[in-house]
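Observations on the three-dimensional arrangement
These are the residues of each chain, in order.
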Amino acid sequence: MQAISNWFQRLYQSTGLNFSVFYDAYDWDRYLGGLKMTLFLSVTTIMLSLVIGAAGALMQGSPSRLLRLAVNIFVVVFRNTPPLVQIFFFYFGLGTMLPAVETAGMRVALLSNVQWAIISLSLFAAAFNVEIFRSGIEAVPRTTVEAAEALGYTRLKAYIHIVLPLAIRVCLPALNNNLVNLLKTTTLAYAIAVPETLYAVKQIWSESQNVFEMMVVLLATYGILVGVLVWLMHRWERAMHIPGYAR
């Protein structure tokens with residue numbers, strides 16, 4: 001690490017390119033903290049959006065008309081409004097309506113900006129996941145469900161153990177795209193001062209006046225993160241592949 005730090009210091013002295021994040025310990029700690037927050041947001045929102053999406057797709061096939069209507073309203077609202085507006089609505093709208101709590105002699109908001117960002121982004125992505133899972137479920141032959149029911153499976157167990165695993169194989173490409181978009185959308189948490197990567201990098205370039213260099217670092221960071229996610233999703237897709245199925 002010291003050799004890398006010395007190289008970037010020499011680069012700055014010889015060319016003026018100030019990649020301070022690689023030789024200044026304070027800037028590096030801020031960048032690393034922002035990266036950890038981005039990873040936390042990404043993993044948490046991806047998992048929650050998958051769970052909510054799968055549950056919503058199940059409820060879309062419910063015999064209850066009211067339940068189906070509620071899911072459809074959820075999908076319409078969260079698919080047709082900008083994610084930044086949703087974040088502002090949750091944080092500045094609902095957040096101000098919730099009661100404050102007493103912590104160490106101070107009154108603080110019931111939910112922090114990080115928690116509101118997780119809720120908002122998870123629901124935004126889940127609205128798309130509902131439709132993605134629904135398309136996969138509809139691609140599973142009805143005869144497969146009937147066979148499961150003939151073997152004594154309840155509707156819920158047939159959905160969890162048979163329908164959903166087959167549906168995921170069909171909808172993985174679309175799911176892959178949505179989760180990649182979700183990872184990139186986590187940058188919107190910057191708008192409510194969540195200290196993720198964009199927020200940290202903005203602080204660094206505001207103090208060090210190295211906008212170009214930090215933008216290069218930011219683009220490279222998200223390029224690597226998206227590349228890793230795409231690789232993992234492709235590995236998952238290959239692992240779940242059944243020869244001849246969904247062709």
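This text follows the structure it describes.
As the structure is a prediction and not an experimental result, all values here were calculated from the model. (Residues numbered from 1 in each chain as written. Predicted model: local features only at pLDDT ≥ 70, side-chain atom pairs only at ≥ 80, totals over all residues. Heavy atoms only, no water.)

Another aspect to go through is the packing of aromatic side chains. One pass over the structure, following the stated rule, counts 14 aromatic pairs. On the numbers, 6.4 Å between centres and 35° between planes, the contact of Phe19 with Phe22 is tilted. Of the residues examined, Phe19 reaches a relative accessible area of 12% and is grouped as buried. In this structure an aromatic cluster arises from ring pairing among Phe74, Phe78, Phe89, Phe90 and Trp116. (Phe/Tyr/Trp six-rings, centres within 6.5 Å; stacked < 30°, edge-to-face > 60°. Buried < 20%, exposed > 50% of the residue type's maximum accessible area, 1.4 Å probe, protein only.)

A few words on the environment of Thr45. The residue Thr45 is located in helix H2 (residues 25-60) in this model. Owing to a relative accessible area of 0%, Thr45 belongs among the buried residues under this scheme. Sequence separation between Thr45 and Leu182 is 137 residues; the distance between their C-alpha atoms is 7.9 Å. Residues within four places of Thr45 in sequence aside, it is in contact with Ile118, Leu121, Ser122, Leu182 and Thr186. In terms of polar contacts, Thr45 uses its side chain to reach the backbone carbonyl oxygen of Leu41, at 2.5 Å. (Helix = DSSP H or I, 4+ residues; strand = E, 2+ residues; numbered from the N terminus. Contact = heavy atoms within 4.5 Å. Polar contact = N/O pair within 3.5 Å; in protein donor to acceptor, adjacent residues only side chain to side chain.)

Core analysis: the biggest nonpolar cluster contains 54 residues, and Leu41, Phe133 and Val194 have the highest contact counts within it. At the level of elements, helix H1 (2-15), H2, helix H5 (113-139), helix H6 (142-150), helix H7 (155-185), helix H8 (197-208) and helix H9 (211-239) are the ones that each hand at least two residues to this core. Residue contributions to this core peak at 15 residues, all from H7. Apart from the residues within four sequence positions on either side, Val194 is in contact with Met37, Leu41, Asn113, Val114, Ala117, Ala189 and Tyr199. In this structure, Val71, Phe90, Trp116 and Val130 belong to the second largest nonpolar core, which totals 10 residues. (Core = buried A, V, L, I, M, F, W, Y, C linked by side-chain atoms within 4.5 Å.)

The next subject is the environment of Thr221. Mapped onto the elements of the fold, Thr221 is located in helix H9. With a relative accessible area of 7%, Thr221 lands in the buried category. On a C-alpha basis, the gap between Thr221 and Ile242 in space is 34 Å, while along the polypeptide they are 21 residues apart. Beyond its immediate stretch of four places on either side in the chain, Thr221 contacts Tyr31, Leu35 and Thr197. Only 2.7 Å separates the side chain of Thr221 from the backbone oxygen of Val217, close enough to count as a polar contact.

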